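Close look at the chain arrangement
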There are 2 protein chains.
Amino acid sequence: MMASSTSSSIEHTMLAASEQLQVPSNITKFKIGLCQLSVTSEKNQNLACARNSIKAAVECGARLVVLPEMWNCPYSNGYFAKFAEDFENEDASPTFSMLSEAACSHGITIVGGSVPESSDGQLYNTSCVFGPDGKLKAKHRKIHLFDIEIPGDITFKESDFFAAGDKPTIVDTDVGRIGIGICHDIRFPELAALYRATGARIICYPGAFNISTGELLWEVMQRARAADNQLFVATCSPSRGSSGSYAIWGHSTLVGPSGEIIATSGHEETVVVAEIDYSKIELQRKGLPLDKQKRADIYLS
Amino acid sequence: MMASSTSSSIEHTMLAASEQLQVPSNITKFKIGLCQLSVTSEKNQNLACARNSIKAAVECGARLVVLPEMWNCPYSNGYFAKFAEDFENEDASPTFSMLSEAACSHGITIVGGSVPESSDGQLYNTSCVFGPDGKLKAKHRKIHLFDIEIPGDITFKESDFFAAGDKPTIVDTDVGRIGIGICHDIRFPELAALYRATGARIICYPGAFNISTGELLWEVMQRARAADNQLFVATCSPSRGSSGSYAIWGHSTLVGPSGEIIATSGHEETVVVAEIDYSKIELQRKGLPLDKQKRADIYLS
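Residues numbered from 1 in each chain as written. Chains lettered and ligands numbered in written order. Predicted model: local features only at pLDDT ≥ 70, side-chain atom pairs only at ≥ 80, totals over all residues. Heavy atoms only, no water.

Considerations on the packing of aromatic side chains
All names here are of chain B. Put simply, the rule reads: A pair of Phe, Tyr and Trp rings is counted when the ring centres sit within 6.5 Å of each other, with Trp represented by its six-membered ring. The angle between the planes then sorts it: under 30 degrees is stacked, over 60 is edge-to-face, the rest tilted. Relative accessible area decides the class of each residue, using a 1.4 Å probe on protein chains only: under 20% of the type maximum gives buried, over 50% gives exposed, and in between gives partly exposed.
All chains considered together, the criterion is met by 24 aromatic pairs over all chains. An angle of 70 degrees between the planes, with centres 5.6 Å apart, marks the rings of Tyr 75 and Phe 80 as edge-to-face. Residue Tyr 75 shares its accessibility class with Phe 80, and that shared class is buried. Each ring, one from Phe 156 and one from Phe 161, has its centre 6.2 Å from the other, and the planes form 80 degrees; the classification is edge-to-face. For Phe 156, a relative accessible area of 9% gives the class buried.

What follows is the structure in structure tokens.
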């Protein structure tokens, strides 16, 4: 049931979606829930905590729920292999099972944050998207791994632990077309532009920016990707007190297609529930047609 | 003496500059001055005010001075044609003469904001760059004209008055390679990425964001362009009290290659003087090599 988009399907979509937005006709407004979870070193506790948070979001009316990056596992080298699951073997994956059950029993779409995935002897930082029938709709493997070395500030090398994904992920859900990125993926405007070109109306970025880059850029990146592409950007982070090797920024946020912050949080464990109204996209794109104002002839000269 | 970059020179530059930054060896640190001017309906007064402001910036140590968008002319339809000058006829252009004289007498580089240019029966929103010898080094005509119609918020159609430029502008100065954009040009990440690819270390955007889009996006756009491309972004705006058809946001700003605000202003007439240190670019690009982390194979798939 792996349904992550392939290159050929993206090409096809780009042709079809450039002018016409692909949205189910029966939905223009709905609520999204962002579950900012506190992650511990006990996987079962993380699963239970996430399950409760999904329920809380649904009770507030959410039809789309987003979990954080690396929410079933502390964000530290020593845990990734131990906590990793093989999603091909669904019955042996408690994380897969819980997300599938939660999506199905609540009848919602879940962008399942990210967890360590074990596949063919590699580890990936992977996000699974489930539909209201409980089926896996897409799987995104983090494309851009976070390798940074700023003396006196922060050093981290994610590529020491994980292999990188090699495909963008666009998924049609019952609440519209969504593009998926994980954390450092948000630093690359090209990926967001690709999602916009293929008709995405929301980009979901589970992420775990640290305090240093978080304070500086987490909000700027979200708002720029939303404003440049005139779509919704939803981010979901673990909370500050989570286990792992660095302090997390938090601040899970929904940004609208003008680059405006619709809802956000502090750094504590919480659920952000806010409304997505697709008519804002039409209004913004009609009033300020950035896509038509672009001068590809000049950029490519 | 028109020296604005042509497509062929850009291609040439892209080949040469992709790995090796093109900077005069004798400068790594210098001061920039951003002259946030109050614009009146008297051109001579605007010229005198700009001249004084350039002098003030130089007295604070600036070797590169940036003026605002549309600083010799109120930002209103009724003034553009009347205030426009033909830069091909240098002797009949008081704006050209003043900027040339100021650059030469102070021995500095001036990014001359923008003014209405009359050429071949068209009006352009144009920025002239002068070197320390007083010679015109480049001319940028605003590429993306600001056409917006958001009901209940703001309506403006710049393309009713101006023709659009059709070339990016990259200019080698005595303080390094600079890319030029004017105001709405900042909304297009593709232009900034082109400047980064061609070796620019600073992008200067004279701009006049209004209060509505200014409060929402002026800072976000500057910081995203700087952080995404790991270079300096300098913006210069008229002050709030300027003549013209809409209220101006102000907030002329220098942003560094991590997306950090180095210096900024409020909305009043002022001169912002701050230091540009190119070693920050090397540090940032070495520690977080975004350019190498990009996955063009995926974006183009």
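From this point, the discussion proceeds with the structure in view.
Some details on unusual backbone geometry
One non-glycine residue, B:Gln230, lies in positive phi territory at about 55 degrees. You can call B:Gln230 buried: its relative accessible area is 1%.

As for the side chain of A:Thr95
Residues and elements named next belong to chain A. Applicable threshold: Secondary structure elements are defined from DSSP: runs of H or I of at least 4 residues count as helices, runs of E of at least 2 residues count as strands, and each element is numbered from the N terminus. Contacts are assigned to residue pairs with any non-hydrogen atoms lying within 4.5 Å of each other.
Among the secondary structure elements, Thr 95 is positioned in helix 4 (residues 94–106). On the accessibility criterion, Thr 95 (1% relative accessible area) is buried. The contacts of Thr 95, once residues within four sequence positions are left out, are Leu 47, Trp 71, Asn 72, Glu 85 and Val 115.

Comments concerning the relation of the copies chain B and chain A
Operational definition: Least-squares fitting of one copy onto the other uses the C-alpha atoms of those residues that reach a pLDDT of at least 70 in both copies.
Least-squares fitting of chain B to chain A yields an RMSD of 0.0 Å, with the transformation described by 0.0 Å of translation along the axis and a rotation of 180 degrees. Here the two chains are linked by the operation of a two-fold rotation axis. Identified as the residue of chain B closest to the rotation axis by C-alpha distance is B:Val220, at 2.8 Å. Of the residues that chain B buries at the interface, 100% are likewise interface residues in chain A, meaning the two copies contact each other through the same surface.

Concerning the UniProt feature "domain: CN hydrolase" (unreviewed entry) in chain A
Rule in force here: UniProt positions are given in the numbering used here, feature names are shortened, and annotations may be inferred rather than shown by experiment.
Per the UniProt annotation, the sites labelled "domain: CN hydrolase" (unreviewed entry) are residues 30–278 of chain A. Along residues 30–278 of chain A one finds 26% helix and 31% strand; the C-alpha atoms at either end are 9 Å apart.

Some details on the sheet that holds strand 10 (residues 176–180) of chain B
Residues and elements named next belong to chain B. Applied cut-off: Here a strand pair is declared whenever DSSP counts at least two bridges between the two strands. Structural elements are reduced to axes, namely lines fitted to C-alpha atoms, with helices fitted over the stretch in contact, and the angle between N-to-C directions of any two is expressed from 0 to 180 degrees.
The six strands lie next to each other as 9-10-11-12-13-14, forming an open sheet whose pairing is mixed. Because the sheet does not close on itself, it has two edges, and the strands there are strand 9 (169–173) and strand 14 (261–264). Along the sheet, successive strands turn relative to each other by an average axial angle of 20 degrees, direction set aside. Examined bridge by bridge, strand 11 (residues 202–206) and strand 12 (residues 232–236) share five bridges and lie parallel to one another. Each bridged residue has a counterpart across the sheet, and for Pro 206 the counterpart in strand 12 is Cys 236. In the packing of helix 6 (residues 211–229) onto the sheet, contacts are made with strand 11, strand 12, strand 13 (253–255) and strand 14, and the angle to strand 12 comes to roughly 150 degrees.

Structural notes on a negative patch on the surface
Stated formally: Patches here are clusters of residues that have more than 30% relative accessible area and form no salt bridge, with a 9 Å joining cutoff for like charges and a 5 Å cutoff for nonpolar side chains (Val, Leu, Ile, Met, Phe, Trp, Tyr). For the accessible areas, the method is Shrake-Rupley and the probe is 1.4 Å, while residue cover comes only from the protein chains on display. We define a salt bridge as a side-chain nitrogen of Lys or Arg found within 4 Å of a carboxyl oxygen belonging to Asp or Glu. Positive charges come from Lys and Arg alone, negative charges from Asp and Glu alone, with His and the N- and C-terminal ends not counted. The location of each charge is read from NZ of Lys, CZ of Arg, CG of Asp or CD of Glu.
A grouping of A:Asp86, A:Glu88, A:Glu90, A:Asp91 and A:Asp120 is seen on the molecular surface, where their side chains present a negatively charged patch. Positionally, A:Glu88 belongs in the loop between helix 3 (77–83) and helix 4.

Looking at the pattern of salt bridges
Residue and element names in this part refer to chain B. Enumeration according to the criterion identifies 33 salt bridges over all chains in this entry. Its salt-bridge partner being Lys 142, residue Glu 158 comes within 2.9 Å of it at the nearest N-O pair. Of this pair, Glu 158 sits in the loop between strand 8 (154–157) and strand 9 while Lys 142 sits in the loop between strand 6 (136–141) and strand 7 (147–150), and the two are 16 residues apart along the sequence. Neither residue differs from the other here; Glu 158 and Lys 142 are each classed as buried. One salt bridge in this structure joins Glu 219 and Arg 223, with 3.4 Å as the shortest N-O distance.

Brief notes about the sheet that holds strand 11 (residues 202–206) of chain A
All names here are of chain A. Spatially, six strands are ordered 9-10-11-12-13-14 in an open sheet, and the strand pairing comes out mixed. Unpaired on one side and paired on the other, strand 9 (169–173) and strand 14 (261–264) mark the two borders of the sheet. Here the strands of the sheet are splayed against their neighbours by 20 degrees on average, with no regard to which way each runs. This element, helix 5 (residues 189–197), spans strand 9, strand 10 (176–180) and strand 11 of the sheet and lies at about 145 degrees to strand 11. Against the sheet, helix 6 (residues 211–229) engages strand 11, strand 12 (232–236), strand 13 (253–255) and strand 14, with an angle of about 150 degrees to strand 12.

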